[in-house]
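# Chain and residue survey
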Amino acid sequence: MNRFLCVFFLFLLFQEPTADAQEQPGLVGVAGTVSASDGNPLSGVSVTPLLNPNNRAATGADGQYRIRTTGNDTLLFTFVGYRPLKVAVAGREQINVVLEGTDTFMDEVVVVAYGEQKKISLTGAISSVATRELRQSPVANLSNALAGRLPGLVAFQPSGEPGNDLSQLFIRGVSTFNNAAPLVVVDGVLGRDFAQLDPNEVESISILKDASSTAVYGVRGANGVILVTTRRGKSGRPQISFSSELGYQSPIRLPEFLDSYNYARLYNEALKNDNLPEKFSAQDLEYYRIGADPYLYPNTDWFDEFLKPFTPMSRANLNISGGGDKVRYFVSASALTQDGIYNFTKLNEYDSNAKFNRYNFRSNIDIDLTENFTVGLDLAGRVENRNYPGRDTWLIFTILNRIPPTYPITNADGSLAGDGLNPENPMGLIAYGGYRDYYGNFLQGTYRMSHKLNFITEGLSARAAFAFDGAFDYNINASRGYAVYQLREDGGYNQFGNDTELGIGKGYAYNRTVNFEAALDYNRRFGDHLVSGLFLYNQNRRVEHADGYNIPFSYIGYVGRFTYSYQDRLFGEINMGYNGSEQFPKGSRFGFFPSVSAGWVISEENFFNKDAGLVNFLKLRGSYGEVGNDRLGARRFLYQQTFQGAEGYRFGNGQVGYGGIAEGPLANEDITWERARKLNAGLELGLWDDQLFLTADAFHERRDNILTTRGTVSAIVGRSGGDLPPVNIGVVQNRGLDMELTYRNPASKKLNYSVSGNLTFARNKVLFMDEERREFDYQYRTGQRVGQPFGLVAIGFFESYEDIADSPPHTFVTQESLRPGDIKYKDINSDGVIDANDEVPIGYNTGIPELMFGFSSRISYGGFDFSVLFQGASNSSVFMDNFPIWEFRGGGAGKVNEWHLGRWTPETAATATYPRLSSTDNPNNHRLSTFWMRPRNYVRLKNIELGYSFGASALKALKIQKVRFYVNAHNLFTWDKAKIVDPEAPAWSGNHNYPQQRVLNGGVTLDF
């Protein structure tokens, strides 16, 4: 590689600009300067004599050109981002022109790995979103603002808990059995967290999707990369902006349970179905119906009692930017508070409600020490405080979903109510179970410097950066037990559990990351040719003191990039990464990851007629390369054999036991990274001066060397399951497409609007995973999607005992236990028995949708502006199980909701939508089958915003440049088929997560 770079730079050093057109008789020389409307010269403008198109020329760095053509010819001046201009020569030898700029997508600058490029020159697949769109979402976690905004990004949010509401993000779906999360890079530093940044700090977020854009990250780039760029100052007078917001959150969807009367009535019915005596008498039912006594016959709506309908969230930000000729700065400070939805949290000396407070600070400064030498210093800090009840969130919502309405919250004497079947009381969990407090302090610093090396050769520069990140977490876990009491018939109480003192545990974790990089950049135009190159060294080292090893995670890498452009219409790019990780054994730690890509702007060719007025831009691009993934699971150093404590032996007359040491899970000395081979083909199409613009990509990826455990090793060898060493044998194919279509009206002083839609489709397939031999082909996981669920095919309900007798035996219960109204399953293999061999692939992956889409629109008129974002997903499934889906889950501890009213009875057999009720878990009915599988398909009104701005003329007396008032909402409406649970709930939906939140928000922004 070093030899290649030396030859490459020597080649660049000795290049000379291309000569003018060949001397031809009858031609005259024409020269001049091309500049923009602001007077700045334009480099790289194409100058084409229409009668002699082969004599095309291009302007140099000073905007000057020289060309030879006939005196009666016409010159065509074209440059991306500017309107084409035709000028008659008319015998002149000096022609100076000014090009008028156009508002075009292709003039945008896009952040790429370790640099920036104009959008027209991109040959890889990259999508970006800017700060304006991010700030439209009133969310505490920045990751939740991305859903529906970027083609290629799959995002879903499983929880709305303050401080724990991170969205799960995937780029172009999943291609592995292991960690499929993308690499995050913030301001060039690998592995930094971006989710807790304030949106006002962020300039843009880009996702890198194909091998061309991610190969430079080598062993860490196979899952795609999220690039986050924070804002920087620009020369000019200081710009001060202050914004303040106040919003209210409410749960999007909570289960609606039946009241005590209907609970008791249906529970009696379930007991009767199971040939058991009824629990509630006719008098009990009547007392429940009329609410005779709040303690003996209560009707408790546990969700309504313990969850608030609205909780506040507020955010404020102050940022200042500006600078002069030498110094530029951006400074931002912000504060966010977010309250939880629990009631009864202040009954003790502590507050146990869920809360999240965050304070952000950032200072990005750039200084030109000389004309050629620039330094930068970025400092960022964040302080967080998260507070929760002493018991886990999943337990709180499990009990809320489980405890029947026939239990009171407290007894008549004020004690907590409960019994042996329900020993946990939500008030005890939330108010008396203690609290958990987490404090986080984060500090980031980056020092940069760059120097132009034009004294060596024009266009050469060097840069270096050093970054240090420190994170300190301190937590308090204060918990205690509580007693519940059951009222006896004699008026006394039975006690379950005990009240205990508050026990306090403390802990801490400290992490630090050091990142260093040094690079040589080259960028120079030679007439029609523009070449650039990059050679970079990077080292990243992270120590997690909470990790049992306390051994740094270390990465070292070398990056190379070469780009070539001919007349801004032909583009080629080579990217390569050579890097390694300490995750692998010595001698096998480094790998080489190359990629090639090319682009062709067909609309810049002479044969393309732009005057037709329809197509003004057409570009094709393609890429192929290899990238790696070293995130292979929680266990590190899989190549090292480990030993662990064992039971040992007993010795002596007393048979005293002594512990020993035993061999742990076996090592794999040949462990290596996953390798992804990616192919991408892209199209970019602009119509009507880019008013309508389409970007579309089709991709194909083959991921091999996926780490998995062999399934064909028999337990007879003495090793099985987790004891076997994982090996790199898995293979997954992933392919699909993503696209974005945007329409923007021609620029207008008053009315401006845009409409945009994006779509991502990614379907994977397991090509190999080393399965044990299965009796039937349809049982193999190979050939299915990653995470494909298997289950029985439900074909209705048993209509009668004769129907049960005439059907194949269902082996999950005894034949005597089957009843009319139970679920009947299909005999897939026709062996006359319903058992595990009849389980087939059902539904889609239960975690990650294959199809994601977004539709957004923005309109402004005068001082008003309005924006809306719809986001949705399809081709994913959710398994409805556990509480509150299955009736009386856990032997009468569970409860029932409205959809249980559609249960099978002899009278409703023809219209029933739910099997007959059981008073306890039913092994035949309550199992994975098509009956319980629901599509996750949904559409959300993700964001909507309305604002009004007062301009400088109206605020002149107050010396305020602009004031904008706005109201917006997040997750306002949802249309879906899941109904009972949120469509973004976890895959196996017992509905035990903190619910997603709807946000109604108002704010004001003042610019000075």
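Residues numbered from 1 in each chain as written. Predicted model: local features only at pLDDT ≥ 70, side-chain atom pairs only at ≥ 80, totals over all residues. Heavy atoms only, no water.

### A few points about the pairing of strand β35 (residues 692-708)
The criterion, for reference: Whether two strands pair comes down to DSSP finding at least two bridges between them. Secondary structure elements follow DSSP: runs of H or I of four or more residues count as helices, runs of E of two or more count as strands, with numbering from the N terminus.
Pairing of strand β34 (residues 674-687) with β35, which is carried by 13 bridges, proceeds in the antiparallel orientation. When the sheet's bridge partners are listed, leucine 683 is paired in β35 with alanine 696. The hairpin turn running from β34 into β35, its antiparallel successor, is four residues long, and tryptophan 688 in that turn takes a positive phi close to 50°. Bridge count between β35 and strand β36 (residues 727-744): 15 bridges; the pairing is antiparallel. Residue pairing for β36: phenylalanine 693 is matched across the bridge by threonine 742.

### Let's talk about the pattern of salt bridges
Rule in force here: For salt bridges, the criterion is a side-chain nitrogen of Lys or Arg within 4 Å of an Asp or Glu carboxyl oxygen. Note on classification: 1.4 Å probe, protein chains only; a residue is buried when its accessible area is under 20% of the maximum for its type, exposed when over 50%, partly exposed between these limits.
Tallied over the entire structure, the rule returns 48 salt bridges. With a shortest N-O distance of 2.7 Å, arginine 916 and aspartate 274 are connected by a salt bridge. Taken as a pair, arginine 916 in the loop between α10 (882-885) and β45 (933-935) and aspartate 274 in the loop between α4 (260-273) and α5 (282-290) lie far apart in primary sequence, 642 residues in all. A salt bridge links arginine 675 to glutamate 626, with the shortest nitrogen-to-oxygen separation between them at 2.5 Å. Of the two residues, arginine 675 is situated in strand β34 and glutamate 626 in strand β31 (residues 615-629); the sequence distance between them amounts to 49 residues. Taken as a pair, arginine 675 and glutamate 626 share a single burial class, namely buried. Through salt bridges with shared partners, one network takes in Arg232, Asp366, Asp378 and Arg448.

### Some words on the sheet that holds strand β5 (residues 74-79)
Within a sheet, neighbouring strands are paired by backbone hydrogen bonds and run either parallel or antiparallel to one another. Spatial strand order, β3-β2-β5-β6: four strands in an open sheet with antiparallel pairing. Looking at which strands have only one partner, the edges of the open sheet turn out to be β3 (57-58) and β6 (82-88). Here strand β2 (residues 46-49) runs beside β3; their pairing, made up of two bridges, is antiparallel. Among the inter-strand pairings, serine 46 is bridged to a residue of β3, identified as alanine 58.

### Section: α4
Selection rule: One less than the residue count of a helix, multiplied by 1.5 Å, gives the span that helix is expected to have. Contact criterion: two residues are considered in contact whenever any of their non-hydrogen atoms come within 4.5 Å of each other.
If you check α4, its first and last C-alpha atoms are 20 Å apart, about what 14 residues at 1.5 Å a residue would give, namely 20 Å. Buried within α4 are the following residues: Ser260, Asn262, Tyr263, Ala264, Leu266, Tyr267, Asn268, Glu269, Ala270 and Leu271. Contacts made by the buried residues of α4 are with α5. Phi turns positive, to about 60°, at asparagine 275, one or two residues after α4.

### Description of the layout of surface pockets
For clarity, the cut-off: A pocket, in this scheme, is an open set of points on a 1 Å grid over the protein atoms alone with protein on both sides within 12 Å along at least 5 of 7 lines, while a cavity is a set where a 1.4 Å probe fits but cannot get out; residues line either one if an atom lies within 4 Å of a point. Grid points are joined across faces, edges and corners, and a volume is the space filled by probe spheres set on the points. Note on residue classes: Ala, Val, Leu, Ile, Met, Phe, Trp, Tyr, Cys and Pro are nonpolar, Asp, Glu, Lys and Arg are charged, and everything else, Gly too, is polar.
Taken as a whole, the second largest pocket encloses approximately 1,400 Å³ of empty space. Lining the second largest pocket are 50 residues, with Gly191, Arg192, Asp193, Arg542 and Glu544 sitting closest to its centre. For the lining of the second largest pocket, the elements supplying multiple residues, two or more each, are β12 (168-171), β13 (183-186), β21 (373-389), β22 (434-452), β23 (460-479), β26 (503-526), β27 (529-544) and β28 (553-566). Top element by residues in the lining of the second largest pocket is β22. It accounts for six residues. Of the residues belonging to the lining of the second largest pocket, the class tally is 21 nonpolar, 15 polar and 14 charged.

### Some remarks on the packing of aromatic side chains
What counts here: Stacked, tilted and edge-to-face are the three classes assigned to paired rings of Phe, Tyr and Trp, where Trp is represented by its six-membered ring and a pair needs centres within 6.5 Å; plane angles under 30 degrees give stacked, over 60 edge-to-face, the rest tilted. Only when the NZ atom of a Lys or the CZ atom of an Arg is both within 6 Å of the ring centre and within 35 degrees of the ring normal do we say a charge sits over the ring.
In total, this model carries 45 aromatic pairs according to the counting rule given. Ring plane angle 85° and centroid distance 6.2 Å describe the contact between phenylalanine 637 and tyrosine 639, whose orientation is recorded as edge-to-face. Ring centres of phenylalanine 879 and tryptophan 886 lie 6.2 Å apart, and the angle between their planes is 75°; this geometry places the pair in the edge-to-face category. The exposure classification of phenylalanine 879 matches that of tryptophan 886, with both residues buried. Every member of this aromatic cluster is reached through a ring pair, and the members are Tyr263, Tyr267, Phe280, Tyr287, Tyr288, Tyr297 and Phe888. The ring centre of phenylalanine 812 lies 3.7 Å from the NZ or CZ of arginine 927, which sits over that ring. Just above the ring of tyrosine 938 sits the side chain of arginine 940; from NZ or CZ to the centre is 5.4 Å.

### What about the side chain of serine 334?
Where we set the bar: Whenever a nitrogen or oxygen atom comes within 3.5 Å of another N or O atom, the pair is scored as a polar contact, on the condition that within protein one atom can donate a hydrogen and the other can accept it, and that pairs from neighbouring residues in sequence are kept only if both atoms are in side chains.
Here serine 334 shows up in strand β19 (residues 327-339). Using a relative accessible area of 8% as the deciding quantity, one classes serine 334 as buried. Side-chain polar atoms of serine 334 contact the side chain of aspartate 198, separated by 3.4 Å. Excluding residues that lie within four positions of it along the chain, serine 334 makes contacts with Asp198, Ala316, Asn317, Arg358, Tyr359 and Asn360.

### A look at the packing of α4 against α5
When two helices pack together, their arrangement is given by the angle between the helix axes and the distance between those axes. Where we set the bar: Orientation is described by axes fitted as lines to C-alpha atoms, over the contacting stretch for helices, and by angles from 0 to 180 degrees between their N-to-C directions. If an angle is under 35 degrees, it is roughly parallel; if it is over 145, roughly antiparallel; if it lies from 65 to 115, roughly perpendicular; otherwise it is oblique.
Where α4 contacts α5, the axes come no closer than 8 Å and their chain directions differ by 155°. By the angle between their axes, α4 is roughly antiparallel relative to α5. Between α4 and α5, the residues in contact are Ser260, Tyr261, Ala264, Arg265 and Asn268 and Leu285, Tyr288 and Arg289, respectively. Considered class by class, the residues forming the contact of α4 with α5 number four nonpolar, two polar and two charged.

### Describing the confidence of the model for the protein chain
Just so we agree on the cut-off: Values of pLDDT, the confidence the predictor places in each residue, fall between 0 and 100.
Confidence in the prediction for the protein chain averages 88 pLDDT; 94% of positions are at 70 or higher. No element of the protein chain has a lower mean pLDDT than helix α1 (residues 2-13), at 38, and none a higher one than strand β40 (residues 823-825), at 97. Of the regions scoring below 50 in pLDDT, residues 1-24 engages in 31 contacts with residues more than four places distant in sequence or in other chains.

### Some remarks on empty space enclosed by the protein
Counted by the stated rule, this structure contains 13 cavities of 30 Å³ or more. Taken as a whole, the largest cavity spans an internal volume of roughly 140 Å³. Forming the walls of the largest cavity are 19 residues, and the residues nearest its centre are Ile171, Arg172, Ala222, Lys678 and Glu701. Contributions of two or more residues to the lining of the largest cavity are made by β34 and β35.

### Notes on the sheet that holds strand β7 (residues 97-99)
Spatially, the three strands line up as an open sheet ordered β4-β1-β7, and their pairing is mixed. Sheet topology places β4 (64-69) and β7 at the edges, where each strand pairs with a single neighbour. Here the average twist between neighbouring strands, direction ignored, is 35°. Here six bridges tie strand β1 (residues 28-36) to β4, and the two strands are oriented antiparallel to one another.

### Thoughts on the nonpolar core
Nonpolar side chains in soluble globular proteins tend to end up buried together. Counted only if it meets this: Nonpolar cores were defined as sets of buried Ala, Val, Leu, Ile, Met, Phe, Trp, Tyr and Cys residues, with membership established by side-chain atoms within 4.5 Å.
Core analysis: the largest hydrophobic core is formed by 38 residues, its most contacted members being Phe280, Ile885, Phe888 and Trp932. Ignoring anything within four residues of it in the chain, the contact list for tryptophan 932 reads Ile823, Val878, Phe879, Met880, Ile885, Trp886, Trp899, Tyr914, Pro915, Asn925, His926 and Arg927. Residues Tyr342, Leu429, Ile430 and Val484 belong to the second largest nonpolar core, which totals 24 residues.

### What to know about the environment of asparagine 262
Assignment of secondary structure puts asparagine 262 in helix α4. In this structure the C-alpha to C-alpha distance between asparagine 262 and leucine 227, which are 35 residues apart in sequence, comes to 54 Å. One polar contact links asparagine 262 to aspartate 259, side chain to side chain, over a distance of 2.9 Å.

### So, unusual backbone geometry
The backbone phi angle of tyrosine 114 is positive, close to 60°, even though this residue is not glycine. Among the structural elements, tyrosine 114 can be located in the loop between β8 (109-112) and β9 (115-118). Take tyrosine 114: its relative accessible area is 11%, and that puts it in the buried class. A positive phi angle is found at lysine 979, which is not glycine, with a value near 65°. Relative to the helices and strands, lysine 979 resides in the loop between β48 (974-976) and β49 (988-989). A relative accessible area of 54% places lysine 979 in the exposed class.

### Some thoughts on a nonpolar patch on the surface
The condition that has to hold: Any residue with relative accessible area above 30% and no salt bridge may belong to a patch, with like charges joined within 9 Å and the nonpolar Val, Leu, Ile, Met, Phe, Trp and Tyr side chains within 5 Å. Per-residue accessibility takes into account occlusion by the displayed protein chains alone, with areas from the Shrake-Rupley method and a 1.4 Å probe.
Where nonpolar side chains cluster on the molecular surface, the patch consists of Leu751, Tyr753, Ile859, Tyr861, Phe864, Phe866, Leu946 and Val967 and spans about 710 Å² of accessible area. Broken down by secondary-structure element, the contributors of at least two residues to the nonpolar patch are β37 (751-768), β42 (851-861) and β43 (864-874). Tracing the backbone shows isoleucine 859 in strand β42. Here isoleucine 859 falls in the partly exposed class, since its relative accessible area comes to 36%.

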